[in-house]
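Listed here are the chains, written in short residue letters.
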Amino acid sequence: ETGVTQTPRHLVMGMTNKKSLKCEQHLGHNAMYWYKQSAKKPLELMFVYSLEERVENNSVPSRFSPECPNSSHLFLHLHTLQPEDSALYLCASSQAQGWTEAFFGQGTRLTVV
Amino acid sequence: KQEVTQIPAALSVPEGENLVLNCSFTDSAIYNLQWFRQDPGKGLTSLLLIQSSQREQTSGRLNASLDKSSGRSTLYIAASQPGDSATYLCAARDSGGGADGLTFGKGTHLIIQP
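This section reports on the structure supplied with the text. For clarity, every value in this text was computed on a predicted model and none was experimentally measured.

**So, the sheet that holds strand 6 (residues 56-59) of chain B**
Residue and element names in this part refer to chain B. Taken in spatial order, the 5 strands line up as 1-3-8-7-6 in an open sheet, and their pairing is antiparallel. At either end of the open sheet lies a strand with only one pairing partner, and these are strand 1 (4-7) and strand 6. With direction set aside, neighbouring strand axes in the sheet form an average angle of 15°.

And the structure:
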């Protein structure tokens, strides 16, 4: 248990569906992150939120839409995805200052059919 | 742009051996470097965090070192056990300011043979 919880753990969706991934942290952190992990590639940073404001969008397609309603919750809204978007999506949290440890959730395994 | 490389990509050793995993990064302007462990299909478990001002950190059988000037970090695992089998990832946090994300290497897939 890392203090970061992601739901659902597994998700299968069609290309025309709309779904959302949820992340919640119980560590009192004020920065949250979405990462994508595809086979044979390093983890890729998608979005960074600091103090509930988005501070970085790593050129992610608009079919991925993040939402951070408060410092403990982070969502990733998905719509009209492509099969190549199938991957493990990981959420992480830390303090906004760069010198603190990052903690990750267990991830959501997404399959787009 | 920061790039992180891990060598070797895969390693298989008998139980009980001491081993070293290597990580290099191209931009030495980092806040810290973090080592993680990932079991198949699971999330990341933080192992050690080394601040840019530190030379090494130890936790149990694990020791991580950092040479920021040369852009290198190593993870030393003593007396390896089958339970250590996993993928080990290193990640650098750049000092660009704000809540910067981590830049990851591709990992070292480690198998400890019983």
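**Some thoughts on the nonpolar core**
Core analysis: the biggest nonpolar cluster contains 23 residues, and L19, L21, L33, W35, L75, I77 and Y88 of chain B have the highest contact counts within it. Listed by contribution, the elements that provide at least two residues to this core are strand 3 (19-25), strand 4 (30-38), strand 5 (44-51), strand 7 (62-67), strand 8 (72-77), strand 9 (86-94) and strand 11 (108-113) of chain B. Sequence-distant contacts of L75 of chain B, defined by excluding residues within four places in its chain, comprise L19, V20, L21, W35, L47, L48, L62, N63, A64 and Y88 of chain B. Residues L11, C23, M46 and A87 of chain A belong to the second largest nonpolar core, which totals 22 residues.

**Focus: the sheet that holds strand 3 (residues 18-25) of chain A**
Residues and elements named next belong to chain A. As summarised here, the arrangement of the 4 strands in space is 1-3-8-7, forming an open sheet in which the pairing is antiparallel. Looking along the sheet, the strands with just one partner apiece sit at the ends: strand 1 (4-7) and strand 7 (64-70). Neighbour to neighbour, the strand axes of the sheet diverge by 20° on average, direction disregarded. Here strand 7 pairs with strand 8 (residues 73-79) via 5 bridges, running antiparallel. Within the sheet, the bridge partner assigned to F64 lies in strand 8 and is L78.

Conventions and cut-offs
Residues numbered from 1 in each chain as written. Chains lettered and ligands numbered in written order. Predicted model: local features only at pLDDT ≥ 70, side-chain atom pairs only at ≥ 80, totals over all residues. Heavy atoms only, no water. Pairing = 2+ DSSP bridges. Helix = DSSP H or I, 4+ residues; strand = E, 2+ residues; numbered from the N terminus. Axes fitted to C-alpha atoms, helices over the stretch in contact; angles between N-to-C directions. Core = buried A, V, L, I, M, F, W, Y, C linked by side-chain atoms within 4.5 Å. Buried < 20%, exposed > 50% of the residue type's maximum accessible area, 1.4 Å probe, protein only. Contact = heavy atoms within 4.5 Å.

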